[in-house]
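Examining the three-dimensional arrangement
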Amino acid sequence: MTEFTGGDVYQAEFDPKAFLEYFKFGEDTWRDDFLIFILKQYCKTFTSGVVKGDTLIDIGSGPNIHQLLSACESFKEIIASDYTYRNHRELEKWLKNEPGAFDWTPVVEYVCELEGNREKKAEKEAKLRKTIKQILKCDVHKSNPMDPIVLPPADCLISSLCLEAACKDLNTYRNALKNISSLLKPGGHVVLSGDLGCSFFMVGPKRFSCLVLREEFLREVLSETGFIIQEFEVLFRDDDIIDDSSDFSGMYFILARKEEAI
């Protein structure tokens, strides 16, 4: 079993560039299958006209933007966040179009195709760069994850591959979900995605721990925290895949709504 890798390990050893290798699109690997799955779910969710508003907060953005490409059409402002400053820096590089920034072109083109216009890549990138207003430090273990900054409650939270990496056990996950839920308006939506049955993942040569999640637990903890699940989609990993970068069994996508205050 992989020893739990906490925040200090992420600050010291998480390499954003190595992590971004997972998001090289168009190489016809299982990683493509899972990226296609998640991008289709995001597109469906954020083009439905139901999940929209003024502000979306991304919890644990990492160095990634793929999770925000469809969302930027439905919100006036996106606040990205992450625990590690290296991820902040990597995101800033893309936002400022700096040399050496990760090339998201194949992913952006695919999302534009899903949304009906592959030719709008430049417009899509410009829209997302304009909509991301801030990149903040985030710690899901704090009752206010953005402490010391106090944000107005958001219309939507999105989080991908974050809580299962940040939490050492199921109780810690429960608390972290409550913490991030405090950032969301009653009636607002949460969009969660990540790995099922995963105990570790590799980032370059470094092995990071992951909390093993099952569908039953996720349904239970969301209900306990005051969410009504509206979509729960799972894509299972093909048993024929031999890959030692992670031992996940599948990927989940959840759309849930925070119950209104009584």
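As a starting point, this report considers the structure included with it. (Residues numbered from 1 in each chain as written. Predicted model: local features only at pLDDT ≥ 70, side-chain atom pairs only at ≥ 80, totals over all residues. Heavy atoms only, no water.)

With that settled, consider the overall build of the chain. Secondary structure assignment for the chain yields nine helices and nine strands. Its C-alpha atoms give the chain a radius of gyration of 17 Å, near enough to 18 Å, the size a compact globule of 262 residues would have. Across its three principal directions, the C-alpha atoms of the chain cover 45 × 40 × 35 Å. Considering only residue pairs separated by 6 or more positions, the chain has 74% of its internal contacts joining residues 24 or more positions apart. (Helix = DSSP H or I, 4+ residues; strand = E, 2+ residues; numbered from the N terminus. Rg over C-alpha atoms; globule rule 2.2 N^0.38 Å. Contact = heavy atoms within 4.5 Å.)

Moving on to unusual backbone geometry. Note that the residue after Asp147, namely Pro148, is joined by a cis bond; omega there is 10°. Positive phi, close to 60°, is recorded for Asn97, a residue that is not glycine. Along the chain, Asn97 falls in the loop between helix H4 (85-95) and helix H5 (105-114). The phi dihedral of Leu161 is positive, around 55°, even though this residue is not glycine. Its location among the elements puts Leu161 in the loop between strand S4 (154-160) and helix H7 (163-166).

With that out of the way, let us pick up the side chain of Arg237. The topology assignment puts Arg237 in the loop between strand S8 (227-236) and strand S9 (250-258). A relative accessible area of 12% places Arg237 in the buried class. Once residues within four sequence positions are removed from consideration, Arg237 is found in contact with Phe34, Asp243, Ser246, Asp247, Phe248, Ser249 and Gly250. (Buried < 20%, exposed > 50% of the residue type's maximum accessible area, 1.4 Å probe, protein only.)

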